[in-house]
Every structure is written in C-alpha cells, then in structure tokens.
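Here's the letter readout for the chains.
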Amino acid sequence: MAAGIALLAAGIAPAAAEDITIAHVYGKTGALEAYAKQSHTGLMMGLEYATDGSMEVDGNKLVVIEKDTQLKPDVGRAALAEAYGDDDAAIAVGPVSSGVALAMLPVAEEYGKILLVEPAVADSITGENWNRYIFRTGRNSSQDAVANAVALGKPGVKIATLAQDYAFGRDGVAAFKQALKGTGAELVFEEYAPTDTQDFTASAQRIFDALKGEKGRKFLFVIWAGGNNPIGKIKAMDPDRLGIEIATGGNILAAMKAYKALPGMEGATYYYYDIPKNPVNDWLVTEHEKRFGTPPDFFTAGGMAAGMAIVEALKKTGGSTDTEDLIAAMEGMEWQTPKGKMVFRKEDHQALQSMYHFKIKVDPNLEWGVPELVRELKIDDMDIPIHNQ
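Counting restarts for each chain, with residues numbered from 1 along the sequence as it is written. pLDDT decides what is reported in this predicted model: residues at 70 or higher carry local features, side-chain atom pairs at 80 or more are listed and counted, and totals for whole chains, interfaces and linings draw on all residues regardless. For the side-chain quantities, the full set of heavy atoms in the structure was used; hydrogens and water were omitted.

It is worth spelling out the overall build of the protein at this point. When you go through the protein residue by residue, the secondary structure sums to 11 helices and 16 strands. Throughout, the radius of gyration refers to the C-alpha atoms, and the reference size of a globule is 2.2 Å times the residue count to the power 0.38. For 389 residues, the compact-globule estimate of 2.2 N^0.38 gives 21 Å, and the protein sits close to it at 22 Å. C-alpha atoms of the protein, sized along the principal axes, occupy 85 × 40 × 35 Å. Across the 389 residues in the protein, those meeting the buried criterion constitute 56%. For the protein, contacts bridging at least 24 residues in sequence account for 69% of all contacts bridging at least 6. As displayed, the protein has an accessible area near 15800 Å², and 49% of this comes from carbon and sulfur atoms. The way it works is that DSSP assigns letters per residue, a run of H or I at least four long becomes a helix, a run of E at least two long becomes a strand, and they are numbered from the N terminus. Burial status follows relative accessibility: with a 1.4 Å probe on protein chains alone, a residue under 20% of its type maximum counts as buried, one over 50% as exposed, and anything between as partly exposed. We call two residues in contact whenever any of their non-hydrogen atoms come within 4.5 Å of each other. In this description, accessible areas are obtained by the Shrake-Rupley approach with a 1.4 Å probe, and a residue is regarded as covered only by the protein chains that are shown.

This is the structure we're talking about:
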C-alpha cells in the first residue's frame, strides 16, 4: 500500500492488472474429440497448478476461451484469426490435428502472435512449415520415431508400416524410416489408409504378402490416431501364423484396450500415468482421479505441459504479453511438467522431452494393456533432427 501511495504522490500510477486471454483452438468435435477433451482438461489443470490455484500471473487474470476447429483446416484457420483479431488473445494453444495445425501456422505469423502447438505431431509443423511464432509442447514425429526405433530397431529386423494417409501418418513413417538408419533394421514396406477406413483386409493382405517371405524377426508397426484403430482387426487376421508381430507406440487408455491381446509387445510412448515419478505427475494423477474418477490420459499430460509453459513464460516476462518478450522468454526455456523437464529448443521451438520404451503386460484389474517401463529415454539419449533449416 505504501509503495502505491508513493507512486501516486510522484504522479505515477501503478500498472493496472489486465486480463490475459488464452485461446484454446482445437477439435472439440469430430474423430479426435477424446484427444481434445483430455487436452483441455490438462491445459486448465496446468494453469491451475502453475499459478497455485490463483489463475493469475503478476496480478493479471488468465482467461481461457475455446474455439472448435471441427478438425477442418479452413475452420481452424478462421477460428485462430478470430481469436487473435477479435478476441485479442495473447497466446493460442492447439490444435489436435496436424492437418489443421499446418493451416493455422501462417495465421500466427500474419498476426505476429504465439501459437503453442499441442498436441499435433507432424514434423513439418516445427519443420518446413515452421515460423518463429510457433512453439510446440507436444512431441513431434521424430521423437516418436526415434523412441520406437530404439525399441524395435535391431540387426536383421524387417518392418512394414501401416499409417493414416495424411500429414501425421506420412511424417511419422518418414521420421521412423530415418530413425531406423544405423540400427540394422530395415523398413521394407509402407501402407497408407484413409483415416475413416473400417475394413483393413486389403491393407493387411498387402502387408502380409510383403513380409511373409522375409527372414528373421518381422514387425508390422502401426501409426494411427483417433477412432478406427486397426490393431484389433489385424490381430484377428492372425499375423502370428506368418511370424509377424504387431507393434505400435503409446495411445489413450481406450485405444490400449486392444493391447491386452498383445502381451510382451514393445514400443515407445509419450506418456502413461504410472511411469513418470515426480511431484507434478503425482499431483496430476491424484487430482485427476479425485475429480474425474479415472487416471489422467495421454493428452492430459500434454495439455498440462502447455499450461505450465504459458505460466512460466509469463512469469519470465513479468506478465508482459508482448510477442517479442514472450519469444525471448520461451527460446531455450526449461520448465517442469508431468513428464519431468522440458526444454524449448532455440532453433525450432520444439519441446525436447523424455520418451518411454515399454513392454506390454496384462493386469486383470485393468481394461487396457499396461505399458511397463523398460527404459526412460531422456533428452540427451535421443538425437532429434532439426527440420526447419
């Protein structure tokens, strides 16, 4: 109070607290709705945790508005422009879909405002289509690929891939192929299917034909997001008779119900609630179970990491939402998340982070296959390429 009186006496009013608008622009409806819901829950819990429940930074109130991209690139582009232009959002978070994200990147550059990408994965977001206003807390295709190459890539191994025929799937396969170099494993066949595919018989047969004559250990590696996950359907076609093992990365709990039929399957994941051991994750797991009756899921952790990154950046700027101040604060910034430490790499603003090599075990008390930790792949364990130069 005395300081405020002194400022007024000197003719200088203390800076008035202002609302800081954060726009969550994401696919609330559509095939990735489950991902979106988790991401938003995590974002709000991250803001809450990082502000000790006040939802304020330096007296400035954080106000979150939501906009639905409907998983349509043109809608996402318009929604982001509206958030920046009409709603005066200082920072936007999202989207879920990589295709929508690629349409939104130029809007951030046009308005000169931060877009914090979470959880869209395609490498091209922080690669060839990147601009300096883009930061990403979500993992990218290369992080998925390098981690899974560690899990599967061994001399003599032959691998075929099945992926969705859009940016997420194609970037994922390209990154996986690159990551396998030097492991001794060989990617011998690539199959792409539309995201709405229901019948995988033809795709599976082409994959089986490509692998059945190969010697040594053989994997079908699946890269798939959202509904219509093919793992259960392909498993029902008995690839075991040809010596073909199914492998894939982590996923949301609902999708991992199919993993119960794959005990011993190895892969790598971005997050599973029981793996990281740190105070942030302890709080997230405890509070999520208390509030929702379930453990936090794959994309809940990502949303929380984004919320915590925003608060950390605003603390570093003293509450300033000036874009140049935020960029200066965020480049090279380290902060804590449910996964432990993340770091925004200066060159491309990609968050470097741990990944987890797992092996599936079956717990009769859980509906999903449990990814049991084999090895934490820390930031320094993975050489994640820079694609924006």
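Okay, back to it.
A few words now on the packing of helix α9 (residues 279-292) against helix α10 (residues 298-316). Interhelical geometry of α9 versus α10 gives an angle of 120 degrees and a closest axis separation of 12 Å. Between α9 and α10, the angle falls in the class oblique. The interaxial crossing formed by α9 with α10 has right-handed handedness. Residues Val-280, Trp-283, Leu-284 and His-288 of α9 form the contact with α10, whose participating residues are Thr-300, Ala-301, Met-304 and Met-308. Only the contacting stretch of a helix is used when fitting its axis, a line to C-alpha atoms as for every element, and angles between N-to-C directions run 0 to 180 degrees. By definition in this entry, angles of less than 35 degrees are roughly parallel, angles greater than 145 are roughly antiparallel, angles of 65 to 115 are roughly perpendicular, and the rest are oblique. Left-handed describes a crossing whose near helix is turned anticlockwise from the far helix through less than a right angle; right-handed describes the clockwise counterpart.

By the convention used here, strands pair only if DSSP detects at least 2 bridges between them. Reading across the sheet, the three strands line up as β11-β15-β16 and stay open at both edges, with antiparallel pairing between neighbours. Unpaired on one side and paired on the other, β11 (266-269) and β16 (370-377) mark the two borders of the sheet. Looking at each pair of strands side by side, their axes are set apart by 35 degrees on average, direction ignored. Two strands pair when backbone bridges link them, and strand β15 (residues 355-361) and β16 are joined in this way by seven bridges, in the antiparallel orientation. Bridging from a neighbouring strand, Tyr-356 pairs with Glu-376 of β16.

Packed helices, taken two at a time, are described by their axes: the angle between them and the distance between them. Packing of helix α3 (residues 73-85) against helix α4 (residues 98-111) brings their axes to within 8 Å, and their N-to-C directions diverge by 30 degrees. As the angle between them shows, α3 and α4 are arranged roughly parallel. The crossing of α3 and α4 is right-handed. In contact with Pro-73, Gly-76, Arg-77, Leu-80, Ala-81, Tyr-84 and Gly-85 of α3, α4 contributes Gly-99, Val-100, Ala-103, Met-104, Val-107, Ala-108 and Tyr-111.

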